[in-house]
Amino acid sequence: MTAKRSISVPDDVAQWLDGQPNVSAAITAAVRAQMAGTQVDEVLRRAGIEVTEAGKARWRDRLSTPIPDDALAEGQRMLDEAA
């Protein structure tokens, strides 16, 4: 079953949506990703880990740095040995 909704979005979002071949699918994917993130936060809270915006920002900063090639190669070597 589906439900029709009428929404208002900022100009930059509207412009991006205008370029999508299926606006409903694009919005559905974005909302489901948001829902999944909320579920992860809830699971972490239940495990005793308090999720904060400051903590999320720290991890975004940390994860934005690419993994060095030598570390990737070492990880691949370890995976190959384990197989």
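Above this text you will find the structure in question.
Thresholds, definitions, all that
All residue numbers refer to positions counted from 1 along the written sequence of the respective chain. Only residues with pLDDT of at least 70 get local features here, since the model is predicted, and only at 80 or more are side-chain atom pairs given and counted; chain-wide, interface and lining totals rely on the full set of residues. Side-chain descriptors were evaluated using all non-hydrogen atoms of the structure, hydrogens and water having been removed beforehand. Only protein atoms enter the 1 Å grid, on which a cavity is a set of points fitting a 1.4 Å probe that cannot get out and a pocket is an open set with protein on both sides within 12 Å along at least 5 of 7 lines, lining residues being those with an atom within 4 Å of a point. Grid points are joined across faces, edges and corners, and a volume is the space filled by probe spheres set on the points. In DSSP terms, a helix is any run of H or I states spanning at least four residues, a strand is any run of E spanning at least two, and both are numbered starting from the N terminus. Under the convention adopted here, Pro, Cys and the residues Ala, Val, Leu, Ile, Met, Phe, Trp and Tyr are nonpolar, Asp, Glu, Lys and Arg are charged, and Gly plus all remaining residues are polar.

Undergrad: Looking at this structure, how should I read the layout of surface pockets?
TA: To find the voids left in a structure, one rolls a probe of water-molecule size over its atoms. Considering only enclosed or pocket space, the largest pocket measures out at about 400 Å³ in volume. Residue lining of the largest pocket: Thr2, Ala3, Lys4, Arg5, Ile7, Ser24, Ile27, Thr28, Val31 and Arg32, and that is the complete set. Of the volumes computed, that of the second largest pocket is approximately 210 Å³. The wall of the second largest pocket is formed by 13 residues, among which Asp41, Leu44, Val51, Thr52 and Lys56 lie closest to the centre. Elements with a minimum of two residues in the lining of the second largest pocket: α2 (23-46) and α3 (53-63). For the lining of the second largest pocket, the element with the highest residue contribution is α2, accounting for 5 residues. Partitioned by chemical class, the residues of the lining of the second largest pocket number 5 nonpolar, 4 polar and 4 charged.

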